[in-house]
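So the chains spell out like this:
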Amino acid sequence: MKKSLFLLPLLTLFSCYNAEHNCKDFKNGKFKFEFEVNGIKKTTVFERKDNIEIETFEGKTDTSTIRWVSDCEYILQKKHPKNMAEEKAISMKILTTSKDSYTFEFGMVGSDQKQRGTVVRVE
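Residues numbered from 1 in each chain as written. Predicted model: local features only at pLDDT ≥ 70, side-chain atom pairs only at ≥ 80, totals over all residues. Heavy atoms only, no water.

Visitor: Talk me through the packing of aromatic side chains; I want residue IDs and the actual numbers.
Guide: Counted according to the given criterion, the structure contains 11 aromatic pairs. Relative to Phe104, the ring of Phe33 lies with its centre 5.3 Å away and its plane at 70 degrees, an arrangement referred to as edge-to-face. One end of the pair, Phe33, is in strand S1 (residues 29–37); the other, Phe104, is in strand S7 (residues 101–108), and 71 residues separate them in sequence. Phe104 shares its class with Phe33; the two are buried. Taken together, the ring pairs in this structure connect Phe26, Phe31, Phe33, Phe35, Phe46, Phe57, Tyr102, Phe104 and Phe106 into an aromatic cluster. (Phe/Tyr/Trp six-rings, centres within 6.5 Å; stacked < 30°, edge-to-face > 60°. Helix = DSSP H or I, 4+ residues; strand = E, 2+ residues; numbered from the N terminus. Buried < 20%, exposed > 50% of the residue type's maximum accessible area, 1.4 Å probe, protein only.)

What follows is the structure in structure tokens.
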């Protein structure tokens, strides 16, 4: 009984926690995404303005269109795909936001495989 009395306030506290979702703050701007491939740190920089995203990765620049599904979800489609893999649209979902960054989940449209990452605002 004493344990339940202790857990009740704790559970109440956690149930009130709401992840911050100020997704509109990230619809436009310049951002950086760092990730690791085979133990090597890689960085991509991209600028998003309304329905266009221009990405620079390893010296190459590419443009994608953005179709916003909701304030926190959008579909990214390469404008000039160079192969079959690039022709597939990518589903992006912003999970949480902070002042200058957001955590997101992404994957090919129609696929159950998802990955997560964190993007930081550069400007």
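Moving on from the coordinates now.
Visitor: Outline the confidence of the model for the chain, listing residues and values.
Guide: Summarising the model, the chain shows a mean pLDDT of 87, and 84% of its residues fall at 70 or more. Note that pLDDT drops below 50 for residues 1–8; the model gives that stretch zero contacts with residues more than four away or on any other chain. Low pLDDT, under 50, characterises residues 10–17; the predicted model gives this stretch zero contacts beyond four residues in sequence or across chains. (pLDDT = per-residue confidence, 0-100. Contact = heavy atoms within 4.5 Å.)

Visitor: Explain the pattern of salt bridges residue by residue, including any values.
Guide: In the structure shown here, the tally under the stated rule is 10 salt bridges. A salt bridge links Asp62 to Lys78; its shortest N-O distance comes to 3.3 Å. In this pair, Asp62 sits in strand S4 (residues 60–70) while Lys78 sits in strand S5 (residues 73–78), placing the two residues 16 residues apart along the sequence. Relative accessible area serves as the criterion here: at 11%, Asp62 is assigned to the buried category. When salt bridges with common partners are traced through the structure, they connect Glu55, Asp62, Lys78 and Lys82 into a single cluster. (Salt bridge = Lys/Arg side-chain N within 4 Å of Asp/Glu carboxyl O.)

Visitor: For the nonpolar core, give the residues involved together with the corresponding values.
Guide: The nonpolar side chains of a soluble globular protein tend to be buried, and buried together. Among the nonpolar cores identified, the biggest contains 16 residues, and Phe46, Tyr74, Met92, Tyr102, Phe104 and Val119 are the most heavily contacted of them. The set of elements that each furnish at least two residues to this core consists of S1, S4, S5, strand S6 (90–97) and S7. Element by element, the count of residues in this core is highest for S7, at three residues. If near-sequence neighbours (up to four positions away) are discounted, Phe46 is found in contact with Gly29, Lys30, Phe31, Phe33, Glu53, Ile54, Glu55, Tyr102 and Val119. (Core = buried A, V, L, I, M, F, W, Y, C linked by side-chain atoms within 4.5 Å.)

Visitor: Which residues make up the sheet that holds S5, and what values go with them?
Guide: Strand pairing in a sheet is mediated by backbone hydrogen bonds. Such pairs are either parallel or antiparallel. The eight strands are arranged S1-S2-S3-S4-S5-S6-S7-S8 in a closed barrel whose pairing can be described as antiparallel. Each adjacent strand pair in this sheet contributes to an overall mean axis angle of 35 degrees, direction not counted. Of the strand pairs in this sheet, S6 and S7 are connected by seven bridges, and their pairing is antiparallel. If you follow Lys93 over to S7, its bridge partner there is Glu105. (Pairing = 2+ DSSP bridges. Axes fitted to C-alpha atoms, helices over the stretch in contact; angles between N-to-C directions.)

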